[in-house]
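Examination of the molecular architecture
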2 protein chains.
Amino acid sequence: MSAEIICVGTELLLGDILNRNAQFLAKELAALGIPHFYQSVVGDNVARLQEVIATAAKRANILIFTGGLGPTPDDLTVETIADYFQTPLTERQEIIADIQAKFASRGRVMSASNRKQALLPEGSAILPNPTGTAPGIIWQPQENLTILTFPGVPREMHRMWQDTAIPFLRSIGYGRDILHSESLHFWNIAESTLAEKVSHLLDLQNPTVAPYAGEGEVRLRICARAKNIEEAKELIVPIAAEIKNIVGLDYYGSDDDNLASIVGKMLKNRGQTISIAESCTGGNIGSFLTSIPGSSDYFWGGIVAYDNSVKIRCLDIDPTILATEGAVSMAVAEGMALGVQSKLGTDWAISITGIAGPDGGTQTKPVGLVYIGIAKDDRTAKAFKYLCPAYRDREYIRTVATKHSLDLLRRELMNSQKN
Amino acid sequence: MSAEIICVGTELLLGDILNRNAQFLAKELAALGIPHFYQSVVGDNVARLQEVIATAAKRANILIFTGGLGPTPDDLTVETIADYFQTPLTERQEIIADIQAKFASRGRVMSASNRKQALLPEGSAILPNPTGTAPGIIWQPQENLTILTFPGVPREMHRMWQDTAIPFLRSIGYGRDILHSESLHFWNIAESTLAEKVSHLLDLQNPTVAPYAGEGEVRLRICARAKNIEEAKELIVPIAAEIKNIVGLDYYGSDDDNLASIVGKMLKNRGQTISIAESCTGGNIGSFLTSIPGSSDYFWGGIVAYDNSVKIRCLDIDPTILATEGAVSMAVAEGMALGVQSKLGTDWAISITGIAGPDGGTQTKPVGLVYIGIAKDDRTAKAFKYLCPAYRDREYIRTVATKHSLDLLRRELMNSQKN
């Protein structure tokens, strides 16, 4: 028994998009313990898609398709599958009703072309798409062969996989041995340094420990195979504890935690509030903090002071200091943090001022130079210098500066006793 | 004549890595005008790799392999290809010498296992790897079939592609025709509606026109095949003009444009400035506007007024209006836009107040309800209601509300004459 992933879309053949869907599905199949030996990519073309189906149907028992479920004429996955298995399409009224309701909720009327999305092979079950208009199918067109289809939009596909595909695959006997993993997240430590510190754990067989890096962050994934989640957790817990013990403060959270959710939890537990004053990040810290549901409990708001006039007018920065020290300086970072803290009346405040590039750098203040201010609940402020390597681009500098500012706040919160 | 990409590696089947090599090669093949209809991924397994070779050799003339060229026992791409075409391997002394030199330059001695990398099929040419130890091959094992192999390491593969594969493919007649494309971006129109409006263009052969959708946006990609970029552009220009003419204001930009860069260009051309007042988006509009290099020419900053106290204190919102109309209302959206415009002294301002969820919705003000205010350069303000469908999540609502606010600004800028 094995599965095969078939991704349909000319945009994949043109290299317009990266095939993240194949990676997602591959990981999920591994987690369910379903063997998977081949992946195919084919364009929006009936004859070639039929050839891929013919090849895959001979060597696999579960065919998982992504892409080509939309309303336009080049979306032909479902009709081609039906045609290959010589099965007529039937119109499903419940899908028409669902699409109409989704259009109506946006004050729109369903287009005639969307009717096509309601045509599914006779005998197939609907694989519901709660967040989009294109439903998938679960279909057994012949003995020992099951077909699942998903739209190419990753967000919709993930939800359908979680809600319906996993329970279905478990119901037919997969996923008895499960893979369960915990991710540990670190900030301010290089992947190679981290790997050296825990090198004795990287050869373990069960659980396995593997490092990943991205956008300034490093993660360790601890992955256990067991009969059930409880047994898997028992394998993971001591390893996670050992790693946290070795690494110390550079570990900041696990799994779905991010730096915004972690400082949010800490502030909420203390019953304290925070505001932000942003220059080069333009609102990025505020946006990140408020990406957490319930952030209104501790986040009050802030000032985006991109232009110096706003730093003076809204944050009471002394124009003389701007002239002597420059907008990108320790003094201005401290002043911005204290300014917004006092204007908004919050317990804590973070500020960022820096040079995100690509222009605006000088010999003494290069692109990538960032000052971060933290105003503490004792009404004092500290500023920190952060220098991003010169080869990084504007978005990387802004993203990493944003995360670093929250990490600095996290460390200050840990150091301070609530009074 | 067509090419097929075959990526070899169990790590791809486990989902441990994203298949960036397939995207790189797909783009390169498109740029050279080499048709490419299939991609396959297979693990480090002799029998399955042979099956993939057999299928691909029947339907393509150029097989491009990545992965499995290393020195370890699970690297078996070259020997499996040779075996499939019943050709013996011969040891190449120049490769042994090259690997030894590369080891010596790092003060190391070549491992015995590296000798394996010098074994290439009789009759094949070496595809040199200047930055690694694993060479590729260029080989014609039978008439009308050419095989190229590359290591899986992207950096090594890219260099080998540039240095040797492109000149080789040009020498055998490819790269005379090129593919060139232009993307048109739309806002506030459903993919199905757009596709119906331009349905007569979706069947064109050269250029082709295809729709794509994602995060509230719709795109049309016009792709032409021609002798050179100039000729391709000549094919694209009239189609692009026709589409823009049919669709009108819902078209907002092309290729690398986004809504932030488009309103930025308009403001810069007018010599005008903008500020933002954000509630539920928490700084997202500011972050998006400042993602554009040079945005300091027109973006001054703003107020993130997440908590009502900040709306009152920093934006002069009347507490009575907050009490009677609620924070999520037309009146508050207008007041926020006028408030930040006057505080910061900018020509224009945008505001957003809404319910991003998952909690906080009511019968009359559901999750997804957003009011957007635009303060214009004549000091008047307009507010717009935007309702995101209930099935969308917090991040989608915030992202789409942000983009929609910039689209509303764009339309207001187009309607207004600069005075």
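Residues numbered from 1 in each chain as written. Chains lettered and ligands numbered in written order. Predicted model: local features only at pLDDT ≥ 70, side-chain atom pairs only at ≥ 80, totals over all residues. Heavy atoms only, no water.

1. Focus: the sheet that holds strand S12 (residues 251-254) of chain B
All names here are of chain B.
- The strand order across the open sheet built from four strands is S10-S11-S9-S12, with neighbouring strands paired in antiparallel fashion. Both outer strands of the open sheet, strand S10 (208-214) and S12, are each paired with one neighbouring strand and no more. Sheet twist, expressed as the average angle between the axes of neighbouring strands with direction ignored, equals 25°.
- In terms of strand pairing, strand S9 (residues 178-187) meets strand S11 (residues 217-226) through ten bridges, oriented antiparallel. (Pairing = 2+ DSSP bridges. Helix = DSSP H or I, 4+ residues; strand = E, 2+ residues; numbered from the N terminus. Axes fitted to C-alpha atoms, helices over the stretch in contact; angles between N-to-C directions.)

2. So, the packing of aromatic side chains
- As enumerated under the stated definition, the model contains ten aromatic pairs over all chains in all.
- Taking the centre distance of 4.8 Å and the plane angle of 85° together, the rings of A:Tyr84 and A:Phe85 count as edge-to-face.
- Here the aromatic rings of B:Phe150 and B:Trp161 are separated by 5.8 Å at their centres, their planes lie at 50°, and the arrangement is tilted. Note that B:Phe150 is positioned in strand S8 (residues 145-150) and B:Trp161 in helix H6 (residues 154-171), a separation of eleven residues in sequence.
- Take B:Phe150: its relative accessible area is 0%, and that puts it in the buried class.
- Here B:Trp161 falls in the buried class, since its relative accessible area comes to 0%. (Phe/Tyr/Trp six-rings, centres within 6.5 Å; stacked < 30°, edge-to-face > 60°. Buried < 20%, exposed > 50% of the residue type's maximum accessible area, 1.4 Å probe, protein only.)

3. Some details on the side chain of B:Asn129
Residues and elements named next belong to chain B.
- Its place among the elements puts asparagine 129 in the loop between strand S6 (125-127) and strand S7 (136-142).
- Residue class for asparagine 129 comes out buried when judged on its relative accessible area of 4%.
- Polar contacts involving the side chain of asparagine 129 include one to the main-chain amide nitrogen of glycine 132, which spans 2.9 Å.
- When near neighbours in sequence (up to four residues on either side) are disregarded, asparagine 129 contacts Lys102, Ala134, Pro135, Pro151, Glu156 and Met160. (Polar contact = N/O pair within 3.5 Å; in protein donor to acceptor, adjacent residues only side chain to side chain. Contact = heavy atoms within 4.5 Å.)

4. A look at the interface of chain B and chain A
- Every contact between the two is made by 81 residues of chain B and, on the other side, 79 residues of chain A.
- Here chain B packs against chain A, burying approximately 6,200 Å² in sum over the two surfaces, 52% of which is carbon and sulfur.
- Broken down residue by residue, the surface that chain B buries against chain A is led by B:Leu13, B:Leu18 and B:Tyr391, which jointly contribute 10%.
- There are four salt bridges connecting chain B and chain A.
- Summed over the shared surface of chain B and chain A, the number is 40 residue pairs in polar contact (both at pLDDT 80 or more).
- Residues of the side of chain B that touches chain A, tallied by class, amount to 37 nonpolar, 26 polar and 18 charged. (Buried area = accessible area lost by both parts, 1.4 Å probe. Salt bridge = Lys/Arg side-chain N within 4 Å of Asp/Glu carboxyl O. Nonpolar A, V, L, I, M, F, W, Y, C, P; charged D, E, K, R; others polar.)

5. Re empty space enclosed by the protein
All names here are of chain A.
- Evaluated as defined, the whole model comprises four cavities of 30 Å³ or more.
- For the largest cavity, the calculated volume is near 120 Å³.
- For the largest cavity, the lining is made up of 14 residues, of which Leu69, Val78, Lys116, Gln117 and Leu119 are closest to its centre.
- Those elements that place two or more of their residues in the lining of the largest cavity are helix H4 (77-84) and strand S5 (119-121).
- Per-element tally for the lining of the largest cavity: the top contributor is H4, with three residues.
- Of the residues contributing to the lining of the largest cavity, the split by class is seven nonpolar, four polar and three charged. (1 Å grid on protein atoms, 1.4 Å probe; cavity = no way out; pocket = protein on both sides within 12 Å on 5 of 7 lines; lining within 4 Å. Points joined across faces, edges and corners; volume = space filled by probe spheres on them.)

6. A short note on the layout of surface pockets
Residue and element names in this part refer to chain B.
- Estimated volume of the second largest pocket: approximately 580 Å³.
- Around the second largest pocket, the lining comprises 32 residues; the ones closest to its centre are Glu11, Gly67, Pro151, Gly152 and Val153.
- Elements supplying a minimum of two residues to the lining of the second largest pocket: helix H1 (10-13), helix H2 (20-32) and H6.
- Along the lines of polarity and charge, the residues of the lining of the second largest pocket split into ten nonpolar, 14 polar and eight charged.

7. Overview of the confidence of the model for chain A
- Within chain A, residue pLDDT values average 93, and 99% of them lie at 70 or more.
- In the predicted complex, the global pTM is 0.77; the interface-specific ipTM is 0.76. (pLDDT = per-residue confidence, 0-100.)

8. Considering the packing of helix H11 (residues 308-315) of chain A against helix H13 (residues 330-344) of chain A
Residues and elements named next belong to chain A.
- Two numbers describe how H11 lies on H13: the axes approach to 9 Å, and their chain directions differ by 45°. Regarding the angle of H11 to H13, the classification is oblique. The element H11 and its partner H13 pack so that their crossing is left-handed. On H13, the residues that touch Lys311, Arg313, Cys314 and Leu315 of H11 are Val332, Gly335, Met336, Gly339, Val340 and Lys343.
- Class assignment for the residues of the contact of H11 with H13 results in five nonpolar, two polar and three charged. (Parallel < 35°, antiparallel > 145°, perpendicular 65-115°, else oblique. Left-handed = near helix turned anticlockwise from the far one by under 90°.)

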